[in-house]
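Summary of the model geometry
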Amino acid sequence: MFNSLDLLSSQKPKTVTGEAERVKCLIIGSGPAGYTAAIYAARANLNPVMFEGLQPGGQLTTTTEVENFPGYPNGITGPELMEDLKKQAARFGTDIRWGIATATDLSSRPFKITIDSAKLIEAEVLIIATGATAQYLGLSDEQKYAGGGVSACATCDGFFYRKKDVAVVGGGDTAAEEAIYLAGLCNKVYMIVRRDELRASKVMQDRVINTPNIEVLWKHQTKGIFGEGVVEGAELYKNKGEANEEIVKIKIDGFFLAIGHKPNSEIFSHYLELDEVGYIKTIPGTSKTNVPGVFACGDVQDPHYRQAITAAGSGCMAAIDAERFISEHI
Ligand SMILES: Cc1cc2nc3c(=O)[nH]c(=O)nc-3n(C[C@H](O)[C@H](O)[C@H](O)COP(=O)(O)OP(=O)(O)OC[C@H]3O[C@@H](n4cnc5c(N)ncnc54)[C@H](O)[C@@H]3O)c2cc1C
């Protein structure tokens, strides 16, 4: 039985022992990166086995319209796009299975991967496509208005708010980037910043301050979101916890979170080099990690772009890198 504590523990989760199933190419994760890797790996005769994880189809299954994935001139819903990718991967023989990787031993080949704390897989090459999870404030309103004005991706959803008023939560570089991006599309952008300064780099701070349609709301925190079915505004604390605390309301149509992402890399952290946030480091221009034979693709190794098409592109790279590794070493 899968034990979620395995994933949360800072201790190295134990791989199970006993009889193992041997596979040539194991893919962990079934988002755009994993499925694209599967399509390429299957067509290259790597007989890929994929474990889908807790969220079959990945992050896009939580969104409605995807308008920026090439090849769909009229847009497509996230679940439909992922169903198409799954069918394409299955068509070439990918063995797609339900299961969560709960522990790994990447100290030598074949790599040992435990599935659901119970089953042991030994893989000649491993492709990691486990994605990254956007951080939310933890307000129930974020769930209530998901798909109705709450978003964690300005590049994905900003277009829907052209000429409208929106808010961006956060004070770091990502929040500054998202606010500047949205300022190019929207009428007005509020930046909701907890402190009386931005954590963003000086260059980004200057760009924010010099963008006329961005208004920084210093020392503000979100209390809640309101609206009839969709976001119509937010209630904010100003100077929370201080004598002059007050509650203010802003009228907005979109509420963008930009307070960080958490890469799903914990179970690899004892073997792979990660950056300070937890993104898997790859050799620039490749999907290669510091362990030969282990490749990473998609959001789990991408702190910058985090788009379906870049995830898919890097999934293709991972499969090609894996195929070359096998032909050279195995
Ligand atoms: C609401 C929303 C809307 C978005 N809209 C767009 C858009 O319009 N256009 C766009 O280009 N991008 C959009 N994005 C971003 C896009 O979804 C991501 O960039 C993309 O999905 C990343 O793909 P991925 O394959 O790297 O990872 P993910 O899609 O995150 O998939 C990760 C996969 O790994 C699996 N997994 C994780 N841990 C394990 C484990 N231990 N064992 C087994 N499996 C595991 C999960 O189950 C999942 O299947 C949106 C994101 C969100 C959240």
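1. Structural notes on the confidence of the model for the protein chain
- A residue-level look at the protein chain finds 96% of positions with pLDDT of 70 or above and a mean pLDDT of 94.
- Within the model, the stretch residues 1-9 combines pLDDT values under 50 with 17 contacts to residues more than four positions away or in other chains.

2. Considerations on the packing of aromatic side chains
- The full count for this structure, using the stated rule, is three aromatic pairs.
- Taken together, a centroid distance of 5.6 Å and an interplanar angle of 85° make the contact between Tyr161 and Phe256 edge-to-face. A residue pair is termed long-range when its members are at least 10 positions apart, and Tyr161 in the loop between α5 (154-157) and β11 (165-169) and Phe256 in strand β17 (residues 254-257) qualify at 95 residues.
- Note on Tyr161: relative accessible area 11%, which makes it buried.

3. Here we look at the sheet that holds β17
- Across the sheet, which stays open at both edges, the five strands sit in the order β10-β17-β11-β12-β13 with parallel pairing between neighbours. With one partner strand each, in any of the chains shown, β10 (150-151) and β13 (214-217) form the two edges of the open sheet.
- Judged from the four bridges that link them, β11 and β17 form a sheet pairing that is parallel. Bridge pairing in β17 links Val166 to Gly254.

4. Here's the deal with the site of the ligand
- Taken together, 31 residues lie around the ligand, and Glu52, Gln55, Gln59, Asp299 and Ala308 are the ones closest in.
- Between the ligand and Ala33 there is a distance of 2.9 Å, counted from an oxygen atom to a backbone nitrogen or oxygen.
- Between Asn68 and the ligand, the recorded distance is 2.8 Å, taken from a side-chain N or O atom to a nitrogen atom.
- Protein chains bury 92% of the 1000 Å² of accessible surface belonging to the ligand in isolation.

5. What to know about the side chain of Asp321
- Within the secondary structure, Asp321 sits in helix α8 (residues 308-329).
- Although Asp321 is buried, it makes no salt bridge; Arg324 carries the closest opposite charge, 5.1 Å away.
- Not counting the four nearest positions on each side in its chain, Asp321 is found in contact with Thr286, Ser287, Lys288 and Phe295.

6. Digging into the environment of Arg194
- Relative to the helices and strands, Arg194 is located in the loop between β12 (188-192) and α7 (202-209).
- Separated by 64 residues in sequence, Arg194 and Ala258 have C-alpha atoms that sit 13 Å apart.
- The residues touching Arg194, leaving out its near neighbours within four places in the chain, are Lys219, His220 and Gln221.

7. Considering the packing of helix α2 (residues 32-43) against α8
- One can describe the packing of α2 onto α8 by two numbers: an axis separation of 7 Å at closest approach and a directional angle of 35°. At the point where α2 passes α8, the crossing takes the right-handed sense. Contact residues: Pro32, Ala33, Thr36, Ala37, Tyr40 and Ala41 in α2; Ala308, Ala311, Ala312, Gly315, Cys316, Ala319 and Ile320 in α8.
- Across the contact of α2 with α8, the residue classes tally to eleven nonpolar, two polar and no charged.

8. Here's the deal with a negative patch on the surface
- On the surface, Glu65, Glu67, Glu80, Glu83 and Asp84 cluster together into a patch of negative charge.
- Broken down by element, the residue count for the negative patch peaks at three residues, all from helix α3 (residues 78-91).
- The topology assignment puts Glu83 in helix α3.

Conventions we followed
Residues numbered from 1 in each chain as written. Predicted model: local features only at pLDDT ≥ 70, side-chain atom pairs only at ≥ 80, totals over all residues. Heavy atoms only, no water. pLDDT = per-residue confidence, 0-100. Contact = heavy atoms within 4.5 Å. Phe/Tyr/Trp six-rings, centres within 6.5 Å; stacked < 30°, edge-to-face > 60°. Helix = DSSP H or I, 4+ residues; strand = E, 2+ residues; numbered from the N terminus. Buried < 20%, exposed > 50% of the residue type's maximum accessible area, 1.4 Å probe, protein only. Pairing = 2+ DSSP bridges. Near = heavy atom within 4 Å. Polar contact = N/O pair within 3.5 Å; in protein donor to acceptor, adjacent residues only side chain to side chain. Areas by Shrake-Rupley, 256 points an atom, 1.4 Å probe, with all protein chains shown as cover. Lys, Arg positive; Asp, Glu negative; His and termini not counted. Salt bridge = Lys/Arg side-chain N within 4 Å of Asp/Glu carboxyl O. Axes fitted to C-alpha atoms, helices over the stretch in contact; angles between N-to-C directions. Left-handed = near helix turned anticlockwise from the far one by under 90°. Nonpolar A, V, L, I, M, F, W, Y, C, P; charged D, E, K, R; others polar. Patch = residues over 30% accessible without salt bridge, like charges linked within 9 Å, V, L, I, M, F, W, Y side chains within 5 Å. Charge placed at Lys NZ, Arg CZ, Asp CG, Glu CD.

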